[in-house]
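Spelled out, the chains give:
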Amino acid sequence: MVLIFLLFLLPLWMNSLLTTMAWQTILEKNGIINMVLHALALPEVTLINTPLAIVIGMVYNFLPYMVLPLYVSLSHIDKSIIEAAHDLGAGRWQTFRRIVFPLSLPGVISGCTMVFIPALTTFVISALLGGNKILLIGNIIEQEFTAAYDWQLGSALSMILMVFIILNIVVEAFSERNAKEQEVDS
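Residues numbered from 1 in each chain as written. Predicted model: local features only at pLDDT ≥ 70, side-chain atom pairs only at ≥ 80, totals over all residues. Heavy atoms only, no water.

Q: Explain the overall build of the protein to me, please; I cannot follow it from the model alone.
A: On a plain count of helices and strands, the protein comes out with nine helices and zero strands. Going residue by residue from the N terminus, the α and β elements of the protein occur as α-α-α-α-α-α-α-α-α. Its C-alpha atoms give the protein a radius of gyration of 21 Å, clearly above 16 Å, the size a compact globule of 186 residues would have. Overall, the protein is about 60 × 55 × 25 Å in size when its C-alpha atoms are taken along their principal axes. By the burial criterion, 27% of the 186 residues in the protein qualify as buried. In the structure as shown, the protein presents an accessible area of about 12,300 Å², 71% of it carried by carbon and sulfur atoms. For the protein, the distance from the average position of its 8 positive side-chain charges to the average position of its 13 negative side-chain charges is 8 Å. (Helix = DSSP H or I, 4+ residues; strand = E, 2+ residues; numbered from the N terminus. Rg over C-alpha atoms; globule rule 2.2 N^0.38 Å. Buried < 20%, exposed > 50% of the residue type's maximum accessible area, 1.4 Å probe, protein only. Areas by Shrake-Rupley, 256 points an atom, 1.4 Å probe, with all protein chains shown as cover. Lys, Arg positive; Asp, Glu negative; His and termini not counted. Charge placed at Lys NZ, Arg CZ, Asp CG, Glu CD.)

Q: Can you walk me through a nonpolar patch on the surface in this structure?
A: Taken together, the side chains of Val2, Leu6, Leu10, Trp13, Met14 and Leu18 make up a nonpolar region of the molecular surface, amounting to roughly 590 Å² of accessible area. If one sorts the elements of the nonpolar patch by residue count, helix H1 (residues 2-13) sits on top with four residues. Looking at where Leu10 falls in the secondary structure, it is placed in helix H1. Overall, Leu10 belongs to the partly exposed group, its relative accessible area being 34%. (Patch = residues over 30% accessible without salt bridge, like charges linked within 9 Å, V, L, I, M, F, W, Y side chains within 5 Å. Salt bridge = Lys/Arg side-chain N within 4 Å of Asp/Glu carboxyl O.)

Q: Would you mind showing me how to read unusual backbone geometry here?
A: A negative phi holds for most residues other than glycine; trans holds for most peptide bonds. One non-glycine residue, Ala41, lies in positive phi territory at about 60 degrees. Looking at the secondary structure, you find Ala41 in the loop between helix H3 (32-39) and helix H4 (51-75). Despite not being glycine, Asn132 shows a phi value in the positive range, around 60 degrees.

Q: I tried to follow helix H2 (residues 16-27) on my own but got confused; where do I start?
A: Each turn of an α-helix holds 3.6 residues, which means side chains three or four residues apart point in the same direction. Helix length check: H2 (twelve residues) gives 16 Å between terminal C-alpha atoms against 16 Å at 1.5 Å per residue, within 8%. The complete set of buried residues in H2 reads Thr19, Thr20, Trp23 and Leu27. When H2 is viewed along its axis, its buried side chains cluster within an angular range of 100 degrees and face the same direction. If you follow the buried residues of H2, they end up packed against H3, H4 and helix H7 (124-130). A side-chain oxygen of the first residue of H2 lies 2.9 Å from the backbone nitrogen of Leu17; this N-cap is Asn15. (Expected span 1.5 Å × (residues − 1). Arc of directions from axis to C-beta. Contact = heavy atoms within 4.5 Å. Polar contact = N/O pair within 3.5 Å; in protein donor to acceptor, adjacent residues only side chain to side chain.)

Q: Any chance you could explain the packing of aromatic side chains here in plain terms?
A: When we look at a pair of aromatic rings, we describe it by the centre distance and by the angle of the planes. The full count for this structure, using the stated rule, is four aromatic pairs. Ring geometry for Phe96 and Phe101: centres 6.1 Å apart, planes at 45 degrees, overall tilted. For Phe96, a relative accessible area of 38% translates into the label partly exposed. (Phe/Tyr/Trp six-rings, centres within 6.5 Å; stacked < 30°, edge-to-face > 60°.)

Q: What is the right way to read the environment of Asp78 from this model?
A: Mapping Asp78 onto the fold places it in the loop between H4 and helix H5 (79-87). Placed 25 residues apart in sequence, Asp78 and Leu103 show a C-alpha to C-alpha distance of 9.8 Å. A polar contact is formed between the side chain of Asp78 and the side chain of Ser80, at a distance of 2.7 Å.

Q: What should I look at first to understand the nonpolar core in this one?
A: As a rule of thumb, soluble globular proteins bury nonpolar side chains together. Among the nonpolar cores identified, the biggest contains ten residues, and these are Trp23, Leu27, Leu47, Ile48, Ala53, Ile54, Met58, Phe62, Ile125 and Leu129. The element that contributes the greatest number of residues to this core is H4, accounting for four residues. Those residues within four positions of Ile125 in sequence are excluded, and the remaining contacts are Thr20, Ile54, Gly57, Met58, Asn61, Phe62 and Gly130. (Core = buried A, V, L, I, M, F, W, Y, C linked by side-chain atoms within 4.5 Å.)

Q: Honestly, the packing of H4 against helix H6 (residues 92-121) in this entry has me stumped. Any pointers?
A: Any two packed helices are characterised by how steeply their axes cross, that is the angle between the axes, and by the distance between the axes. The interhelical angle for the contact between H4 and H6, taken along N-to-C directions, is 150 degrees, at an axis separation of 8 Å. By the angle between their directions, the pair H4 and H6 is classed as roughly antiparallel. In the crossing of H4 with H6, the sense of the turn from one axis to the other is right-handed. Mapping the contact onto sequence places Met58, Phe62, Tyr65, Met66, Pro69, Leu70, Ser73 and Leu74 in H4 and Val100, Leu103, Ser104, Gly107, Val108, Ser110, Gly111, Cys112, Met114, Val115, Pro118 and Ala119 in H6. Grouping the constituent residues of the contact of H4 with H6 by class yields 15 nonpolar, five polar and no charged. (Axes fitted to C-alpha atoms, helices over the stretch in contact; angles between N-to-C directions. Parallel < 35°, antiparallel > 145°, perpendicular 65-115°, else oblique. Left-handed = near helix turned anticlockwise from the far one by under 90°. Nonpolar A, V, L, I, M, F, W, Y, C, P; charged D, E, K, R; others polar.)

What follows is the structure, given as structure tokens:
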């Protein structure tokens, strides 16, 4: 269990740019994946500069931000509640749906917020792994400032992005407050 936990923490210990560049090396035409495929006499695959490469990079960089709140939320669930559900005849799926998921919902919401904000603003991952072929909102804002020199549009897009982030935080705060109120009521 500790090894799995450390594997999820590992990306947090390194710079995001460094890990993205490492994935660039792994996914490129002469990268590790194609070397292994060539050694196994299998055809090469083109992964770099594709949407799949961006998804791999984003999942690797942002997965710990989802796993850690989930882990904390799940570790605080009292085991006796789950045992009571089984004793009362609930199956695994019913126990998950009616007990585990509702009790872990604050961790899910917190994890979604922690992933949503950096995923919206990232531009390095799509630039390095997608070759600037696939644009995310972060890339568009960055290009407005650096390539087009349209500071007004870049600022407007940044403000719209900020509104989405603030709305996300407000929704999380309300859901967390409701979860605490439900805890007190029960």
